[in-house]
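Listed below are the residues making up each chain.
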Number of protein chains: 2
Amino acid sequence: MNSLEQQSWQSVHDEVLRRIHTREWKPGDLIPKEVELAEQLGCARATVNRALRELASEGFLDRRRKAGTRVAAHPVRRAKLDIPVIRLEIEGRGQKYAYGLLFSERRTPPPEICANLGVTAESDMLHITSLHLADGKPFMFEDRWVSIAATPTILDADLEKISANEWLVLHAPYTRGDIYFSAVNASAAEAKVLRTDPGTSLFLMERTTWENNTGITSARLLFAPGYRKHSAI
Amino acid sequence: MNSLEQQSWQSVHDEVLRRIHTREWKPGDLIPKEVELAEQLGCARATVNRALRELASEGFLDRRRKAGTRVAAHPVRRAKLDIPVIRLEIEGRGQKYAYGLLFSERRTPPPEICANLGVTAESDMLHITSLHLADGKPFMFEDRWVSIAATPTILDADLEKISANEWLVLHAPYTRGDIYFSAVNASAAEAKVLRTDPGTSLFLMERTTWENNTGITSARLLFAPGYRKHSAI
DNA sequence: AAAGATAATATGTACGTACATAATATTTCT
DNA sequence: AGAAATATTATGTACGTACATATTATCTTT
């Protein structure tokens, strides 16, 4: 660290992270305040602020006005999971993407969907199931309910050509969403669609999205055996 | 929007997001440059910059110098997954945490662990298996390998009292890590430990962490049936 | 001593200016 | 025309100042 040359917020970020890693600053420790650090490292407070803000959002630091900045006592790892459109995920693996609509029906939703989206049992909804394939093999089975009130134009979409997954991303951006990851044993019907055996362990992703407080869609995405979702920290 | 009162970066963030949601700015569209937006919204460029930077990191915008800022053509949802220490995850659910060491052995690692961590087959490692319980019921089975070269002090840790999971978080902060999520059928042994039936679908989290380029630990975390990992977007 | 009001303080953020950097557009040269 | 050099431009970031805000510490009152 040379106090003459200009410091970038990234170099401050790295230097603070180094001190945490080398345990110069241990979990729970109060670290110097921004002005002091700025002086130490030869940069402006704004630069230190940017670096510390970033580190806090990464879970390494806890910051509170007046109380100061501490090394996180129980570092919570914040994994960033990229959830692209299925087509891009498959193409990103270098595989050929294909898609097939299984069925599409306009009807009222079952209780669990009402509960997820916070809508009434009489809601006008579209129920769609489809299969996404990678190199011709079943990759993911999608079982989705879409609120027609929230996105009426979905009735005009040609869901034989574009998947509901992709159509929604392009035409119904949302403000809020929930995802649940879990593991389930394949039912007989699911096993048949995904060309595997009943009871096989499958990776399940359940997504619900809202715009403000109106539910848009709730989907159950069931992945073929062997699927692994990766995340770097 | 009042051009007289001061704009916060959050209000700019929300306004831009609103324009994306209402499709005033569609996926792929070039949006006004920072100076123009600042003028429009009555704030400084730095404020607009902060808001747009945030939106880009959230996956809503693509930004490139000179080329300008565009609405992301294929919005990649970036889910933030908090991965706390198991004890805190269980206590956060309002359940009582307990932990039992199953066995701990110092030996050379099998091939797959060598591959994960990038170490040789002759490495000096600690192999630990343990069970984490919530309200007395099996919650997660942990099968972990720790490099003794990277963290020699783990030999002094009393792993009957503190889990390797927690000890490592407190004593061996890392710089880089990988996580894989998947679903597997329980083996006979795994089923017995988790008190369930063989073949039951289980949620699996595989974690490997490095400090710089030396592998620290590789763990296989197998959750009891019914486990769901949540994430808000 | 307990409660309430007040002061002190570290972080949070806005602004304007200045310059850096990367990518594109234009001009010049061959 | 094609390649190379140059200018242009939008974002990226650093700085110093100013003030806001949340929280803690201190003082005052009862």
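See the structure printed just above.
Values in this document were obtained by computation on a predicted structure and should not be read as measured data.

Draft legend 1. Summary view of the nonpolar core. Judged by nonpolar contacts, the single largest core of 62 residues is most densely connected at A:Phe181, A:Phe203, A:Phe223, B:Phe181, B:Phe203 and B:Phe223. In this structure B:Phe203 touches A:Phe181, A:Ser182, A:Ala183, A:Phe203, B:Phe181, B:Ser182, B:Leu221, B:Leu222, B:Phe223, B:Tyr227 and B:Lys229, once residues within four positions along its chain are discounted. In terms of nonpolar packing, the next biggest core, distinct from the first, is built from 18 residues, A:Val12, A:Ile20, A:Trp25 and A:Leu55 among them.

Draft legend 2. Quick look at the interface of chain A and chain B. Counting residues at the interface gives 51 residues for chain A and 51 residues for chain B. For the pair chain A and chain B, the two sides together bury roughly 4,700 Å², of which 54% comes from carbon and sulfur. The interface formed by chain A and chain B holds four salt bridges in total. Residues A:Glu206 and B:Arg228 are paired through a salt bridge, measuring 2.7 Å at the closest nitrogen-oxygen approach. Within the residue set of the side of chain A that touches chain B, elements represented by two or more residues are helix H1 (9–21), helix H3 (45–57), strand S3 (77–83), helix H4 (86–92), helix H6 (164–171), strand S7 (176–185), strand S8 (201–211) and strand S10 (228–232) of chain A. Here the element with the most residues in the side of chain A that touches chain B is S7(A); it accounts for ten residues. A class-by-class count of the residues in the side of chain A that touches chain B yields 24 nonpolar, twelve polar and 15 charged.

Draft legend 3. Expanded view of the protein's contact with DNA strand C. Near DNA strand C there are 22 residues, and of these A:Arg63, B:Ser8, B:Trp9, B:Thr47 and B:Arg64 occur at the shortest range. Within 4 Å of the protein, the contacting atoms of DNA strand C are drawn from sugar and phosphate to the extent of 77%. Taking A:Lys33, its side chain carries an N or O atom lying 2.8 Å from a phosphate oxygen of DNA strand C. Separating a phosphate oxygen of DNA strand C from a side-chain N or O atom of B:Thr47 is a distance of 2.2 Å. Considering every element that reaches the surface near DNA strand C, the biggest residue donor is helix H3 (residues 45–57) of chain B, with three residues. Partitioning the surface near DNA strand C into residue classes produces three nonpolar, seven polar and twelve charged.

Parameters and conventions
What you see as residue numbers is a count from 1 along each chain, following the sequence as written. Each chain gets a letter, beginning with A, and each ligand a number, beginning with 1, in the order they are written. Only residues with pLDDT of at least 70 are given local features in this predicted model, and only at 80 or more are side-chain atom pairs given and counted; all residues enter the totals for whole chains, interfaces and linings. Each side-chain value is worked out from all heavy atoms of the structure, with water and hydrogens disregarded. Working definition of a nonpolar core: buried Ala, Val, Leu, Ile, Met, Phe, Trp, Tyr and Cys residues. They are joined through side-chain atoms within 4.5 Å. We call a residue buried when its accessible area falls under 20% of the maximum for its residue type, exposed when it is over 50%, and partly exposed in between, using a 1.4 Å probe and counting protein chains only. Contact between two residues is taken to exist if any of their heavy atoms lie within 4.5 Å; hydrogens are not considered. A simple way to read buried area is as the amount of 1.4 Å-probe accessible surface that goes missing from two parts once joined, with both sides added. We count a salt bridge whenever a side-chain nitrogen from Lys or Arg sits within 4 Å of a carboxyl oxygen from Asp or Glu. Only DSSP runs of H or I with at least four residues qualify as helices, and only runs of E with at least two residues qualify as strands; both kinds are numbered from the N terminus onward. Any residue that is not Ala, Val, Leu, Ile, Met, Phe, Trp, Tyr, Cys, Pro, Asp, Glu, Lys or Arg is counted as polar, Gly included; the first ten are nonpolar and the last four charged. A cutoff of 4 Å decides nearness: a residue is near a molecule or strand if any of its heavy atoms lies inside that distance of it. What qualifies as a polar contact is a pair of N or O atoms within 3.5 Å, subject to a donor-acceptor requirement within protein and to the restriction that residues adjacent in sequence count only when both atoms come from side chains.

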